[in-house]
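Coordinates in review
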Amino acid sequence: MKLEDHVSRWLTRNHRPSKTIESGGGRVPQDLVQSSGPDRKLVSFPCGDVVLRGEQWAGLRPGREVLFLHGAGQTRHSWSKAAEEMACSGWTSTTVDLRGHGESDWSQDADYRLNAYASDVQSVVSRLGSRPVLVGASLGGLSALTAQASDPDLARALVLVDIVPRVSAAGFHRIRDFMTAHLHGFNSLQEAANAVSG
C-alpha cells in the first residue's frame, strides 16, 4: 500500500463522515469526492530570511489541512500526487520547497541549521487556515518534529516518513555502512536488489 493510501485511510478513519463511497484509497466522504480533480494554486510563505514557495490543492471541507514536507535534496514535487489525493478526499493540501530547495529562496547567511527549517515550518503553519497534519520525510520530518517539539499545539498530528524521534546507534551504523559501501552505485538492477535484500 502506498504512503498516500495510508495517510488518506488514517485521516478518513479519524474524521468519520455520515456517508461514504469507495474511491481509490478506500472509503471517503461522498460530499468530498471531486470528479475533475482539486483546484491547485501556487503559494508563497515569507519565513524570516527566506520565502518558501509551494503549491496548494483546495479541499472541500474547511478546517482540514495537510502540510507535506520533503526530504533533503528533494522538492515539493515528491509529495504532489499525495497532496492531490488528499485534496480529493477533502483535505486542503500544501507542499512547499524547503529553504535552499526547489523554487524557495536560498539563505543569504547560509543558515541551514535544523532550527531554521523548524522555524520555517512554524511560519508556514501560522499562515494556513487551521492546524494541519504535518507529513514530513527525512529532513522534512526532522523539521516538523523539531517544530512540533517547540510548540506542542502546532499541528493536529505528525506523520514521520523515513525518520524517527530516537535513532538507534546500530541502525544508524547499518545504514551508513550500506550507503558508503555503494558510493559508485550498482552495475545492474539485480545487483542493487541483492544488496538491499541483504
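Look a little higher up for the structure.
First, a word on scope: everything that follows refers to the structure included in this document. (Residues numbered from 1 in each chain as written. Predicted model: local features only at pLDDT ≥ 70, side-chain atom pairs only at ≥ 80, totals over all residues. Heavy atoms only, no water.)

On inspection of all chains with the given rule, the structure shows 3 aromatic pairs. Relative to Tyr112, the ring of Trp106 lies with its centre 6.3 Å away and its plane at 85 degrees, an arrangement referred to as edge-to-face. Between Tyr112 and Tyr117 the ring centres are 6.4 Å apart and the planes differ by 40 degrees, which places this aromatic pair in the tilted class. Overall, Tyr112 belongs to the partly exposed group, its relative accessible area being 28%. Note on Tyr117: relative accessible area 6%, which makes it buried. (Phe/Tyr/Trp six-rings, centres within 6.5 Å; stacked < 30°, edge-to-face > 60°. Buried < 20%, exposed > 50% of the residue type's maximum accessible area, 1.4 Å probe, protein only.)

For the rest of this paragraph, the subject is the nonpolar core. Note that soluble globular proteins tend to have their nonpolar side chains buried in a common cluster. Membership of the largest hydrophobic core comes to 21 residues, with the highest contact counts inside it found for Phe45, Leu67, Leu69, Val121 and Leu134. Of all the secondary-structure elements, those providing two or more residues to this core are strand 3 (40-47), strand 4 (50-57), strand 5 (65-69), helix 3 (114-127) and helix 4 (139-150). Here this core takes 5 residues from helix 3, the largest share from any one element. For Phe45, the contacting residues outside a window of four places in its chain are Val50, Val51, Leu52, Thr94, Val96, Val124, Arg127 and Leu128. (Core = buried A, V, L, I, M, F, W, Y, C linked by side-chain atoms within 4.5 Å. Helix = DSSP H or I, 4+ residues; strand = E, 2+ residues; numbered from the N terminus. Contact = heavy atoms within 4.5 Å.)

Another point: the pairing of strand 4. Along strand 4, 6 of the 8 residues are buried, which leaves the element largely enclosed by surrounding structure. Sheet analysis places strand 3 next to strand 4, joined by 8 bridges and oriented antiparallel. Bridge pairing in strand 4 links Val43 to Gly54. As consecutive antiparallel partners, strand 3 and strand 4 are separated by 2 residues, and within that stretch Gly48 has a phi angle of approximately 65 degrees, a positive value. Sheet topology note: the strand 4/strand 6 (residues 92-96) ladder contains 4 bridges and is antiparallel. Paired with Gly54 across the two strands is Val96, which belongs to strand 6. (Pairing = 2+ DSSP bridges.)

As a further point, take the pattern of salt bridges. Should their charged atoms come close, side chains of opposite charge can pair. Overall, the coordinates contain 10 salt bridges when judged by the stated rule. Salt-bridge contacts for Arg53 lead to Asp105; the nearest nitrogen and oxygen are separated by 2.8 Å. Taken as a pair, Arg53 in strand 4 and Asp105 in the loop between strand 6 and helix 3 lie far apart in primary sequence, 52 residues in all. Residue Asp105 is classed as partly exposed on the basis of its relative accessible area of 24%. Of the charged contacts in the structure, one is a salt bridge between Glu55 and Arg76, with a shortest N-O distance of 3.1 Å. (Salt bridge = Lys/Arg side-chain N within 4 Å of Asp/Glu carboxyl O.)

Another point: the pairing of strand 5. The buried fraction of strand 5 amounts to 5 of the 5 residues, a majority that puts the element mostly inside the structure. The alternating pattern of strand 5 places Glu65, Leu67 and Leu69 on one face and Val66 and Phe68 on the opposite face, and all of these are buried. Direction of pairing for strand 5 relative to strand 6: parallel, over a ladder of 5 bridges. Looking at the pairing, Val66 lines up with Ser93 of strand 6. Taken together, strand 5, helix 2 (residues 80-88) and strand 6 constitute a β-α-β crossover, and its handedness is right-handed. As paired elements, strand 5 and strand 7 (residues 133-137) share 4 bridges and run parallel to each other. From the neighbouring strand, Leu69 faces strand 7, where its bridge partner is Gly136. (Right-handed = clockwise from strand over helix to strand, strands pointing away.)

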